[in-house]
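Given next are the chains, with one letter for each unit.
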Amino acid sequence: MVSKKVESALNDQVAKEAMSSQIYLAMASWAEAQGLEGVAAFLYRHSDEERMHTLKLMHYINERGGHAVVPALAKPPKDMKDIMDVFKSILHQEVEVTGEINAIVDLCLKEKDYTTHNFMQWYVAEQIEEERLARTMLDKLNLIGSDKGGLYLFDRDLMASGNTTA
Ligand code: FEO
């Protein structure tokens with residue numbers, strides 16, 4: 001059984017993961033409209049991953065005697081400045097999520113809820129991967145700079161990789 005405090009924190013995280021999915025979806029649509037098919041495919045996949053993060057939390061809350069709440073979602077930004085802006089926003093977003101996950105882990109320890117603490121370790125590990133991925137993408141884009149051929153290859157590689165680490 002989760003305490004009301006932990007249930008509330010987990011439900012807040014449900015809303016944040018769902019919002020992440022929305023944000024990635026908007027970025028994917030922007031990239032697709034720009035003709036960046038590989039980047040778009042990567043972002044659509046990432047949006048799906050965030051929905052999976054949302055559902056995993058919802059199932060856990062319900063299985064532990066709480067009630068997972070489906071949140072209202074704000075409209076995400078429609079336009080991005082450029083591809084670099086997309087991946088800078090992603091890194092910023094993921095660093096924020098890591099902080100939120102850490103706060104829940106901290107609350108679990110304070111509440112002596114070792115079951116939820118154990119459950120949250122999956123998210124702790126996932127955030128390491130999410131941040132690593134965003135930094136890797138940014139490093140590549142920094143190398144490419146304003147080289148259009150480089151951007152073409154970056155996009156094509158993302159399409160070809162069917163990236164599963166998103
Ligand atoms: Fe669910 Fe990208 O953190």
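Residues numbered from 1 in each chain as written. Predicted model: local features only at pLDDT ≥ 70, side-chain atom pairs only at ≥ 80, totals over all residues. Heavy atoms only, no water.

On to the overall build of the protein, then. Across its full length, the protein holds five helices and zero strands. Written out in order from the N terminus, the α and β elements of the protein read α-α-α-α-α. Reported as C-alpha extents along the three principal axes, the dimensions of the protein are approximately 55 × 25 × 25 Å. Counting the 166 residues in the protein, one finds 46% classified as buried. Looking at the protein as shown, the accessible area adds up to about 9000 Å², and 56% of this sits on carbon and sulfur atoms. Averaged over its 18 positive side-chain charges, the protein has a centre that lies 2 Å from the centre of its 26 negative ones. (Helix = DSSP H or I, 4+ residues; strand = E, 2+ residues; numbered from the N terminus. Buried < 20%, exposed > 50% of the residue type's maximum accessible area, 1.4 Å probe, protein only. Areas by Shrake-Rupley, 256 points an atom, 1.4 Å probe, with all protein chains shown as cover. Lys, Arg positive; Asp, Glu negative; His and termini not counted. Charge placed at Lys NZ, Arg CZ, Asp CG, Glu CD.)

With that settled, the discussion passes to helix α4 (residues 114–144). Structurally, the α-helix is built with 3.6 residues per turn, so residues lying three or four positions apart point the same way. Taking 1.5 Å per residue, 31 residues should reach 45 Å; α4 reaches 46 Å between its end C-alpha atoms and fits that length. Its axis deflected by about 25° at methionine 120, α4 carries its strongest bend there. Its side-chain oxygen 3.4 Å from the backbone nitrogen of threonine 115, aspartate 113 forms the N-cap of α4. Just beyond α4, the residue with positive phi is glycine 145, at close to 60°. (Expected span 1.5 Å × (residues − 1). Bend = angle between axes of the 7 residues up to and from the residue. Polar contact = N/O pair within 3.5 Å; in protein donor to acceptor, adjacent residues only side chain to side chain.)

Attention now goes to the nonpolar core. With 26 residues, the main nonpolar core has Met27, Val39, Leu43, Val86, Phe87, Ile90 and Phe154 as its most contacted residues. In this structure, phenylalanine 87 is in contact with Val39, Phe42, Met137, Leu138, Leu141 and Phe154, ignoring residues within four places of it in sequence. Of all hydrophobic cores here, the second largest spans 19 residues; its members include Val6, Ala68, Phe119 and Met120. (Core = buried A, V, L, I, M, F, W, Y, C linked by side-chain atoms within 4.5 Å. Contact = heavy atoms within 4.5 Å.)

Take helix α5 (residues 148–161) next. Taking 1.5 Å as the rise per residue, α5 with 14 residues should run 20 Å; its terminal C-alpha atoms sit 20 Å apart, in good agreement. Among the residues of α5, those classed as buried are Gly150, Phe154, Asp155 and Leu158. The arc that holds every buried residue of α5, seen down its axis, measures 135°, which confines them to one face. Structural note: α5 exposes Lys148, Tyr152 and Ala160 on the side pointing more than 90 degrees away from its buried face. Looking at the buried positions of α5, the neighbouring elements they touch are α2 (37–63), α3 (83–110) and α4. (Arc of directions from axis to C-beta.)

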